[in-house]
Amino acid sequence: MKSIDDLKDFTGKRVLIRCDFNVPLQGDQITDDGRIRAALPTLTALRKGGARIVIMAHMGRPDGEVNMKYSLAPVAKRLGELMGVEVALAGDVVGDSATATVAALGDGDIALLENVRFEPGEASKDDAERYKLAQKYAQLGDIFVSDGFGVVHRKQASVYDVAKLLPAYSGYLVQAEVDVLRKLTVEPERPYVVILGGAKVADKLAVIDNLLKVADTLIIGGGMSYTFMKAQGYEIGKSLLDETKLDDCSGYIKQAEATGKKLLLPVDALTVGENAVDFSTFTLGGDIVETDMTALPSDRVGCDIGEKSAELFASEIAGAKTVFWNGPMGIFEIDSLAQGTKAIAKALVDSDAFSVVGGGDSAAAVRVFGYEDSQFGHISTGGGASLEYLEGKELPGLAVLEEA
Ligand code: AMP
């Protein structure tokens, strides 16, 4: 991959850059600006180098239609505050307003195009339609910089196709994320412990498959652990279950045994009554009972790992040299069911290992728990992208930069 460091002087050049500014919003207030901050090193370097910066980004899923609920206006404002300059927001993506906004840029100025997902071509499955839009993007820049790590697993016009039309370079964020992921897949310092959690076991099968080959210990918690328990014949009550994946889970347990890997599952759980959790408001009605995983009552739902599991997992992390974590251990949105997830976050902070938090819910959780990003080796800005990388998949947005 060619990096922006290979260029340095951008004076007078229009640099079209893809960023991931898909931040969480409450109304028009940004509740976590981590993704905007993550882009600052690249944007600052471009500005210092005299570039005329044209940013492409998306927000939510407006599905190819203009819907101002998904406008990037809050992002333009916040980015301007963080950079200490005015960020000009175009009124459209590739229309007259975008053209005029870009034409008005001086050296070091920054413009943000409106949400690229307002354009039906952006995420189209039709190669020709995507390419047509990418040609319009390419008219707004002289070179392309890819720095939206959270979207590099998407074959979309502003991520993939445009990189074929302009000289293409990676930004500092993409480089940093790829360096970390490479460390996790090529000769990680051992012992290497991977902790996976979250609700859907189906989403994580490919990553389990690939990481069982490289990790020394695989810890599985959260809702997905119950399918593994059921696969071994245990009663899991009304806990989350994916019946279609029982054979896969048995297979991984056998594979771990056969290859001398440790596969750890929870030994106890915090359980609640059926329907006690309201997922629309994340509130809990009813009591919490802690039980051994092998004695889960048939009418209860496991919603967090218990204390013994938390200790077991934390001691495994304490002995590790490399740790990768993705997915909460329980319904962490409810404080009384966030204990297991908190214990894992603390274990990562306390450990001397190179610790990587793999984006998404786990990244949000550690910030909600009050930890600073600097207390971890690395917090990824892209949950989906980092998991796909660890699955061993080719990420279109990276492959196209390597070809460039
Ligand atoms: P995922 O998107 O698969 O990473 O799952 C994240 C979600 O899993 C979070 O919203 C958690 O509330 C949820 N979750 C974690 N553990 C459980 C559990 N034991 N039962 C139900 N949901 C869970």
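This text goes with the structure placed above it.
Conventions and cut-offs
- Residues numbered from 1 in each chain as written.
- Predicted model: local features only at pLDDT ≥ 70, side-chain atom pairs only at ≥ 80, totals over all residues.
- Heavy atoms only, no water.
- Near = heavy atom within 4 Å.
- Polar contact = N/O pair within 3.5 Å; in protein donor to acceptor, adjacent residues only side chain to side chain.
- Areas by Shrake-Rupley, 256 points an atom, 1.4 Å probe, with all protein chains shown as cover.
- Disulfide = S-S within 2.5 Å.
- Buried < 20%, exposed > 50% of the residue type's maximum accessible area, 1.4 Å probe, protein only.
- Helix = DSSP H or I, 4+ residues; strand = E, 2+ residues; numbered from the N terminus.
- Lys, Arg positive; Asp, Glu negative; His and termini not counted.
- Salt bridge = Lys/Arg side-chain N within 4 Å of Asp/Glu carboxyl O.
- Contact = heavy atoms within 4.5 Å.
- Pairing = 2+ DSSP bridges.
- Axes fitted to C-alpha atoms, helices over the stretch in contact; angles between N-to-C directions.

## Examining the site of the ligand
Now for step 1: Around the ligand there are 15 residues in total, and Ala199, Gly223, Gly302, Glu333 and Asp361 lie nearest to it.
Now for step 2: At 3.0 Å from an oxygen atom of the ligand is found a main-chain nitrogen or oxygen belonging to alanine 199.
Now for step 3: Within the side chain of lysine 204, a nitrogen or oxygen atom sits 3.5 Å from an oxygen atom of the ligand.
Now for step 4: With the chains in place, 84% of the 510 Å² that the ligand exposes on its own is no longer accessible.

## Concerning the state of the cysteines
Now for step 1: Counting across every chain of the model gives zero disulfides.
Now for step 2: In this model cysteine 249 remains outside any disulfide bridge; the closest cysteine sulfur is found in cysteine 303, 19 Å from its own.
Now for step 3: On the accessibility criterion, cysteine 249 (0% relative accessible area) is buried.

## A look at the side chain of aspartate 304
Now for step 1: Relative to the assigned elements, aspartate 304 resides in strand E16 (residues 300-305).
Now for step 2: Here aspartate 304 sits buried without a salt bridge, and the closest side chain of opposite charge, lysine 342, lies 9.0 Å off (N-O distance).
Now for step 3: A polar atom in the side chain of aspartate 304 sits 3.1 Å from the backbone nitrogen of glutamine 339.
Now for step 4: Residues in contact with aspartate 304, not counting those within four places in the same chain, are Tyr226, Ala269, Leu270, Met329, Gly330, Leu337, Ala338, Gln339, Gly340 and Thr341.

## As for the sheet that holds strand E19 (residues 378-379)
By definition, the strands of a sheet pair up through backbone hydrogen bonds, in either a parallel or an antiparallel sense.
Now for step 1: With parallel pairing, the six strands of this open sheet are ordered in space as E11-E10-E9-E17-E18-E19. One side of each edge strand has no neighbouring strand; the edge strands of this open sheet are strand E11 (262-264) and E19.
Now for step 2: Two elements, strand E18 (residues 354-357) and E19, share two bridges in a ladder whose sense is parallel. Among the inter-strand pairings, valine 357 is bridged to a residue of E19, identified as isoleucine 379.
Now for step 3: Here helix H6 (residues 172-185) sits on the sheet and contacts strand E9 (192-196), strand E17 (322-326), E18 and E19; the angle it forms with E18, its principal contact strand, is near 115°.

Bear in mind that shape data such as this cannot, by itself, settle questions of function.
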